[in-house]
Amino acid sequence: MPDGNDDYRVVIDEDSLNWCGRSDDEVQRLVRAFADVLEPLADGRQVALMRNAWSAECWEGVTLVDIAYTSDRRVPRDRRVWLARLLDKCRTLEPQDQDIPQQVNYGGHVKEPSWGMTHAWAHAVAGRAMACLIVTIEPTLAGWTVVDRVVDRATARLHFLSEASQLREFWRGVFKYEAVPEEGFFVLAEQAFPGLIFAEDLRFRRFAGSYGDVLPWIIQLFTALDDHFAAALERHRGDQNKVMAEMSTYHVDISPESPGTRKNARAWAQRLVTYRGVEYRCDWHGKRLWNLDRVHFSRPLAEQENRILIGIFTDHLDT
């Protein structure tokens, strides 16, 4: 499967690390919230923070760099060490001229942003989809938001991220707000659609349509499959017509293979896909056009954590 650019897209807002004046319970909840959102991201590549963030005073007398070693017991040591280990996997950035905060307008308010938010915004203006990680237990702003710089009205969208549950929306938005090249698709798709797994030999060139033509349909199809297909199968107890009808409400055209295809030995064999050394049958497919472009996929696979295998990209298989 092709590689893609998976450099950092999430930058921590150091201004949200100031929890001074909070109760012990609130500080503990903030530490937990911070760690919860970092855990699926902190792998040495995806998250960054500005160097000055390490000197942020998280609570009275305790800076971020001290958080694992402080003798302060407001937060249990195991939680502090857990957070510190995740932070050690984040990239530290040296501030540049483009990161100097200038007033911005977002969410109906004019504010001076943090260095981290400014850095993320500068990358977004340059065309890279970015998120700003806000540490909070009282989110007032979430998701993709237009941020305008006051001085010159330059504008870009940032994703304000405060909970791990928002990550799926963020990764899917990357496809909407950035011109993702074909070779970078699957790196992002694995995060945008965690309920799906992908065969190694999927290639967009096997469609009749171009990558640009096919991509919006692929995103819509994968979103519907990831969010709804397994539940629809269970809810309708395998009634294929009811599953098809429900999935059509999400603006996708899917169907199981026909009895004729199942009886055609050659055609039926074409639906077999090897994934990690095991053969699976991709016996459902999604259609872009009535006569062209198909994605063949499996039912949820118990041995693959009930994920759905996206097995075949093609213009059309035998029937």
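See the structure shown above.
Residues numbered from 1 in each chain as written. Predicted model: local features only at pLDDT ≥ 70, side-chain atom pairs only at ≥ 80, totals over all residues. Heavy atoms only, no water.

A.B. asks: What am I meant to see in unusual backbone geometry here?
C.D. replies: With the exception of glycine, the majority of residues adopt a negative phi angle, and the majority of peptide bonds are in the trans configuration. Of note, the phi angle at Asp 293 is positive, near 70°, even though the residue is not glycine. Structurally, Asp 293 is set in the loop between strand 15 (284-287) and strand 16 (294-297). The phi dihedral of Glu 305 falls on the positive side, at around 60°, and the residue is not glycine. Looking at where Glu 305 falls in the secondary structure, it is placed in the loop between strand 16 and strand 17 (308-314). (Helix = DSSP H or I, 4+ residues; strand = E, 2+ residues; numbered from the N terminus.)

A.B. asks: For this particular structure, what's the right way to read the environment of Arg 281?
C.D. replies: Assignment of secondary structure puts Arg 281 in strand 14 (residues 278-281). Under the relative-accessibility criterion, Arg 281 is labelled partly exposed at 29%. Along the chain, Arg 281 and Gly 311 lie 30 residues apart, while their C-alpha atoms are 8.5 Å from each other. In this view, Arg 281 contacts Trp 268, Ala 269, Arg 271, Leu 272 and Ser 298; residues no more than four positions away in its chain are not counted. Among the polar contacts listed, one links the side chain of Arg 281 to the backbone oxygen of Trp 268, at a separation of 2.6 Å. (Buried < 20%, exposed > 50% of the residue type's maximum accessible area, 1.4 Å probe, protein only. Contact = heavy atoms within 4.5 Å. Polar contact = N/O pair within 3.5 Å; in protein donor to acceptor, adjacent residues only side chain to side chain.)

A.B. asks: Sorry, what's going on with the packing of aromatic side chains here?
C.D. replies: Here the distance between the centres and the angle between the planes together describe a pair of aromatic rings. In this structure the tally under the stated criterion is 23 aromatic pairs. Centroid distance Phe 185 to Phe 204: 5.1 Å. Interplanar angle 85°. Geometry classified as edge-to-face. Here Phe 185, found in helix 5 (residues 185-192), pairs with Phe 204, found in the loop between strand 11 (196-198) and helix 6 (211-235); they are 19 residues apart in sequence, far enough to count as distant. Relative to Phe 297, the ring of Phe 229 lies with its centre 5.3 Å away and its plane at 90°, an arrangement referred to as edge-to-face. Of the two residues, Phe 229 sits in helix 6 while Phe 297 sits in strand 16, which places them 68 residues apart along the sequence. A relative accessible area of 0% places Phe 297 in the buried class. Grouping aromatic residues by their ring pairs yields a cluster made of Phe 175, Phe 185, Phe 186, Phe 193, Phe 198, Phe 204, Phe 207, Tyr 211, Trp 217, Phe 222 and Phe 313. (Phe/Tyr/Trp six-rings, centres within 6.5 Å; stacked < 30°, edge-to-face > 60°.)

A.B. asks: What should I look at first to understand the sheet that holds strand 1 (residues 10-12) in this one?
C.D. replies: Whether parallel or antiparallel, the strands of a sheet pair through hydrogen bonds between backbone atoms. Here eight strands make up an open sheet; going across it, the order is 5-2-1-8-10-9-6-7 and the pairing mixed. A single partner strand is all that each edge strand has here, and the edge strands are strand 5 (91-93) and strand 7 (109-111). Strand-to-strand, the axes of this sheet are offset by a mean angle of 35°, without reference to chain direction. In the sheet, strand 9 (residues 143-149) pairs with strand 10 (residues 155-161) via six bridges, with the strands oriented antiparallel. (Pairing = 2+ DSSP bridges. Axes fitted to C-alpha atoms, helices over the stretch in contact; angles between N-to-C directions.)

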